[in-house]
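# Observations on chain architecture
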Amino acid sequence: MSYKALNPRIGIRPIIDGRRRGIRESLEDTTMGLARMVADLYEKNLRYADGTPVECVIADRCIGGVKEASMATDKFKMNNVGAVVSVTPCWCYGSETIDMDPLMPKAIWGFNGTERPGAVYLASALAGHNQKGLPAFGIYGRDVQDMGDHTIPDDVREKLLRFGKAAVALMQMRGKSYLTIGSVAMGIAGSTPNPDFFQEYLGMRNEYVDACEIERRIQENIYDPDEFKRAMAWVEKYCKPNEGTDYNPEHLIYPRRQKDEIWEYVVKMTIIIRDLMVGNDKLTEMGFEEEAMGHDAIAGGFQGQRQWTDYKPDGDFSEAILNTSFDWNGIRPAYTFATENDTLNAASMLLLHLLTNRAQLFSDVRTFWSPKAVERVTGLKLEGRAANGIIHLINSGSSCLDATGQMTEGGQPVMKPFWDITPAEAEACLKATTWYPASREYMRGGGYSSCFLSRGDMPATMCRINLIKGQGPVLQIAEGWIVNVAPKIFDIINKRTDKTWPTTWFAPRITGQSGPFKDVYSVMNNWGANHGAISYGHVGADLITLASMLRIPVCMSNVPEDDIFRPSAWGAFGMDPEGADYRACSNYGPIYK
């Protein structure tokens, strides 16, 4: 029998002046009205990863002192509240009314009105938070409002939503698992699971399964046979007709019968990996109660290379399909799953996925192509957003098919949240994808790699968490665009690398000034690992807000300074935003330690 956990919710705390006999009574309706406005904003604009609207819980009564603050806390505990927003139009009693839970992300909106000093309470409450070591986000509108104004100004709305998105992402990670299938791939440092990082910074646990569990379940038929038939019919319709040329040397080309067997094998792998992550009630009906439970994994990765791929089909198909927003079961939320079990890139993908509710692209940050190099090799010049140079993002494994750019909005290519994707768009992504037999000199057991060219121009954000000895985790963020290049440029460059893998051309937004965003070369030269996580949209500001909640400093970013939103206390650690971020994160330490 399936179990549905209660969604993590945002608690809304209406704060009021506690003085009776006229003052409090005159403010009750206004204060509770602000709370309802914020709850309505969240419920209409934010969604969980499963597509359902975010839920809010409003305190039963306005909070004028410590007793009512405790009553709100008790209600929130019973309703799985994982973040709180306090709102007030007036002066209130600072430290008596704040939330004191150290694990709870907090924001305060102090209404900017002249009739009552809501902004004064905001300043007082933030001072109390900072003195007690309980960082909170302060929200103060730029323009004065009238007391009876029942609107949320655009600048306040932006900060409320930025806090809400980050808080919902944090809440959905907490208590979940990262599933490692196999071990470390080819000495890649990010493939070494660091349980302290996952536990202390993300609030997650680590689960481990030997890769032989996939083979055991295939041999013992521990998968839904009806789903397997449905999946193979889907593959026969959408994938096998797009099977690409086998570029292997003749002595390494499998006969057709064996290629068909590999198709069946990789489909079973996909079903089994998903079951290992999230479980499958069907397995209980089949008598496999233990296997049916899964590992409650919100993200995972597959080692693959080399021990597995030296004699079994690789994970490329499984990784691509899991990270895509659709499969043989229809359109659905994408899973977060890393090739080569790069746990840090998976964590980066997870942050982006939970902030955007879109599928994520896992890629090698493979090659910087300067305008000079492109012209020398192809005889053509880069143009448009690509004119200053491009970074070649390419990987045989977990590049989601959403990144083909075949979905559209307003005539432009886009990667949509799954609930907006149409069946025709899913089919278009599949038609734009070729499945090439794996290079058996690298993947001796064979397999199938997706191949497509991402269609530009799409706004994109690339990020990466890296672990630094003595420092801990740091986050890199590069906003830019997935761009188009001339077909001849693509054709020539593509043949210089592995032409059976998907290509995405990325042009980061550069500054022309000193630092890691001086030019495109500097972005590539300062990237901290061989992989990157790439999301549709410019979401770096949301990432920065979430990183501050998790106490992960940002070491590299081209997000405009005016868009950066961190807790009030960060301003007390110096006037240089980057240094202050490091000092604040170091001072407070990981939230779950």
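All of the points below concern the structure found in this document. Remember, predicted model here, so these are calculated numbers, not experimental data. (Residues numbered from 1 in each chain as written. Predicted model: local features only at pLDDT ≥ 70, side-chain atom pairs only at ≥ 80, totals over all residues. Heavy atoms only, no water.)

Right, let's talk about the sheet that holds strand S6 (residues 177-181) for a bit. Strand order in the open sheet made by the four strands is S7-S6-S8-S11, with parallel pairing throughout. With partners counted over all chains shown, the strands left at the sheet margins are strand S7 (205-209) and strand S11 (337-339), one partner each. If you compare each strand with its neighbour and ignore which way they point, the axes differ by 20° on average. Relative to S11, strand S8 (residues 297-302) runs parallel, the two sharing three bridges. Counterpart to Phe-302 in the pairing with S11 is Thr-339. Running over the sheet, helix H9 (residues 256-278) touches S6, S7, S8 and S11 and is turned about 135° from S8. (Pairing = 2+ DSSP bridges. Helix = DSSP H or I, 4+ residues; strand = E, 2+ residues; numbered from the N terminus. Axes fitted to C-alpha atoms, helices over the stretch in contact; angles between N-to-C directions. Contact = heavy atoms within 4.5 Å.)

Below, the discussion takes up the pairing of strand S21 (residues 531-536). Along S21, six of the six residues are buried, which leaves the element largely enclosed by surrounding structure. Of the two faces of S21, the one carrying His-531, Ala-533 and Ser-535 and the one carrying Gly-532, Ile-534 and Tyr-536 are both buried. Both strand S12 (residues 361-369) and S21 contribute to a ladder of four bridges, which runs antiparallel. Paired with Phe-362 across the strands is Ala-533, a residue of S21. (Buried < 20%, exposed > 50% of the residue type's maximum accessible area, 1.4 Å probe, protein only.)

This part covers helix H16 (residues 487-496). Those residues of H16 that fall on the buried side of the exposure criterion are Ile-489, Phe-490, Ile-493 and Asn-494. Burial along H16 is one-sided: seen end-on, the buried residues are contained in an arc of 120°. The exposed set on the far side of H16, more than 90 degrees from its buried face, consists of Pro-487 and Lys-495. In this fold, the buried residues of H16 make contact with S12, helix H14 (371-378), strand S13 (390-394) and strand S20 (503-508). (Arc of directions from axis to C-beta.)

Before going further, it helps to examine the pairing of S7. In this sheet, S7 lies alongside S6 in parallel orientation, the contact comprising five bridges. What sits directly across from Tyr-178, in S7, is Asn-206. Where the polypeptide runs from S6 across helix H6 (residues 195-202) and back to S7, its parallel neighbour, the crossover connection is right-handed. (Right-handed = clockwise from strand over helix to strand, strands pointing away.)

Helix H13 (residues 343-356) packs onto H6 with a crossing angle of 20° between their chain directions and a minimal axis gap of 11 Å. Judged by the inter-axis angle, H6 sits roughly parallel to H13. Crossing angle aside, the handedness with which H6 passes H13 is right-handed. Counting all contacts with H6, which are made through Phe-197, Phe-198 and Leu-202, the residues of H13 involved are Thr-343, Leu-344 and Ala-347. A class-by-class count of the residues in the contact of H6 with H13 yields five nonpolar, one polar and no charged. (Parallel < 35°, antiparallel > 145°, perpendicular 65-115°, else oblique. Left-handed = near helix turned anticlockwise from the far one by under 90°. Nonpolar A, V, L, I, M, F, W, Y, C, P; charged D, E, K, R; others polar.)

What follows deals with the nonpolar core. It is characteristic of soluble globular proteins that their nonpolar side chains tend to be buried jointly. Counting 95 residues, the largest nonpolar core has Tyr-42, Val-85, Trp-109, Leu-160 and Phe-163 as the members making the most contacts within it. When residues in this core are grouped by element, the largest group, eleven residues, is from helix H5 (residues 154-173). Setting aside chain neighbours within four positions, we find Tyr-42 in contact with Ile-10, Ile-12, Val-54, Cys-56, Val-85, Leu-160, Leu-161, Phe-163 and Gly-164. In terms of nonpolar packing, the next biggest core, distinct from the first, is built from 69 residues, Cys-239, Met-277, Val-365 and Tyr-448 among them. (Core = buried A, V, L, I, M, F, W, Y, C linked by side-chain atoms within 4.5 Å.)

Glancing now at the sheet that holds strand S3 (residues 81-88). What the five strands build is an open sheet, ordered S2-S1-S3-S4-S5; its pairing is parallel. Among the strands making up the open sheet, the edge pair consists of strand S2 (56-58) and strand S5 (137-139). Sheet twist, expressed as the mean angle between neighbouring strand axes with direction ignored, is 20°. Summarising the sheet, S3 and strand S4 (residues 106-110) pair through five bridges and their orientation is parallel. Of the residues in S4, the one forming a bridge with Val-84 is Lys-106.

What follows covers helix H4 (residues 118-132). Between its first and last C-alpha atoms H4 spans 21 Å; for 15 residues at 1.5 Å apiece the expected length is 21 Å, and the two agree. Of all the positions in H4, only Gly-118, Tyr-121, Leu-122, Ala-125, Leu-126, Gly-128 and His-129 are classed as buried. One side of H4 carries all its buried residues, which in axial view fall inside an arc of 160°. Those residues of H4 that are buried lie in contact with S3, helix H3 (94-97), S4 and S5. Gly-133, located one to two residues past H4, shows a positive phi value of around 75°. (Expected span 1.5 Å × (residues − 1).)

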